[in-house]
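# What the coordinates show
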Amino acid sequence: IIYFCHHTGLHENRKVDFVYENIDDRVLAYRRGEDILVIYHFSNKKRANYIIENMTSQSNTCWIDILTNQSFTVNGRNYLILTLQLYDGRILFRTK
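These remarks concern the structure in this document. (Residues numbered from 1 in each chain as written. Predicted model: local features only at pLDDT ≥ 70, side-chain atom pairs only at ≥ 80, totals over all residues. Heavy atoms only, no water.)

### Notes on the overall build of the chain
Applied cut-off: Runs of H or I in DSSP of at least four residues are treated as helices and runs of E of at least two as strands, each being numbered from the N terminus. Summary of the burial criterion: residues with accessible area below 20% of their type's maximum are buried, those above 50% are exposed, and those between are partly exposed, where the area comes from a 1.4 Å probe applied to protein chains only. Contacts are assigned to residue pairs that have any heavy atoms within 4.5 Å of one another. Each accessible area is a Shrake-Rupley estimate made with a 1.4 Å probe; only the visible protein chains count as cover when residues are assessed.
Per the secondary structure count, the chain includes 1 helix and 8 strands. In the chain, the order of α-helices and β-strands from amino to carboxyl end is α-β-β-β-β-β-β-β-β. Every one of the 96 residues in the chain was classed for burial, and the buried ones make up 38%. Taking as baseline every contact in the chain between residues at least 6 positions apart, the subset at least 24 positions apart corresponds to 51%. If you sum the accessible surface of the chain, you get close to 6,200 Å²; carbon and sulfur atoms cover 48% of it.

### Points about the packing of aromatic side chains
Convention followed: Here a Phe, Tyr or Trp ring, Trp counted by its six-membered ring, pairs with any other such ring whose centre lies within 6.5 Å, and the pair is stacked when the planes are under 30 degrees apart, edge-to-face when over 60, and tilted otherwise.
Taken as a whole and assessed by the stated rule, the structure comprises 4 aromatic pairs. Ring geometry for Tyr30 and Tyr40: centres 6.1 Å apart, planes at 35°, overall tilted. In this pair, Tyr30 sits in strand β2 (residues 27-32) while Tyr40 sits in strand β3 (residues 36-41), placing the two residues 10 residues apart along the sequence. The class of Tyr30 is buried, set by a relative accessible area of 15%. Arranged with centres 5.6 Å apart and planes meeting at 25°, the rings of Tyr40 and Phe42 form a pair that is stacked. Residue Tyr40 is classed as partly exposed on the basis of its relative accessible area, which comes to 32%.

### Considerations on the environment of Asp65
The topology assignment puts Asp65 in strand β5 (residues 62-65). In this structure Asp65 comes out as buried when scored by relative accessible area, which is 1%. Taking the C-alpha atoms as reference points, Asp65 and Phe93, separated by 28 residues in sequence, lie 6.4 Å from one another. Ignoring any residue separated from it by four or fewer positions in sequence, one finds Asp65 in contact with Gln70, Phe72, Arg90, Ile91 and Leu92.

### Description of the sheet that holds β3
Heads up, the rule is: Think of it this way: DSSP has to see at least two bridges between two strands before they count as a pair. Axis definition: a line fitted to C-alpha atoms, limited for helices to the stretch in contact. Angles are taken between N-to-C directions and run from 0 to 180 degrees.
Taken in spatial order, the 6 strands line up as β1-β2-β3-β8-β5-β6 in an open sheet, and their pairing is antiparallel. Edge positions in the sheet fall to β1 (16-22) and β6 (71-73), since each of these pairs with one other strand and no more. On average, each strand axis in the sheet is inclined to that of its neighbour by 25°, with strand direction left out of account.

### A closer look at the nonpolar core
Note the cut-off: We call a set of buried residues a nonpolar core when its members are Ala, Val, Leu, Ile, Met, Phe, Trp, Tyr or Cys and they connect through side-chain atoms within 4.5 Å of each other.
Leu37, Ile39, Ile52 and Leu80 are the most contacted members of the largest nonpolar core, which totals 16 residues. Mapped by element, the contributors of at least two residues to this core are β1, β2, β3, β4 (47-52) and β7 (80-84). In terms of residue count, β7 provides more of this core than any other element does, 3 residues in total. Ignoring any residue separated from it by four or fewer positions in sequence, one finds Leu37 in contact with Val19, Ala29, Tyr30, Arg31, Met55, Trp63, Leu80, Arg90, Ile91 and Leu92.

Here you go:
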């Protein structure tokens, strides 16, 4: 992760844009720049097919989890759908 941050310049971009929060589900998502999305899940309940709403990405934008290499696509309703494990965290990189 440290190599990734230095290689992409993520450590130089200090702007954090909180794009999604759900207190009841204990989910928080923020963007660093245009290409990095960080998602935290602070719950002991698995969330299958969880929807992150109001993504500011264009429809069909593909995001890759840098730790698992899973890919996720923003749908036409600006939703990102994924499964969140117990106390999960994701770092997604937008492909071009």
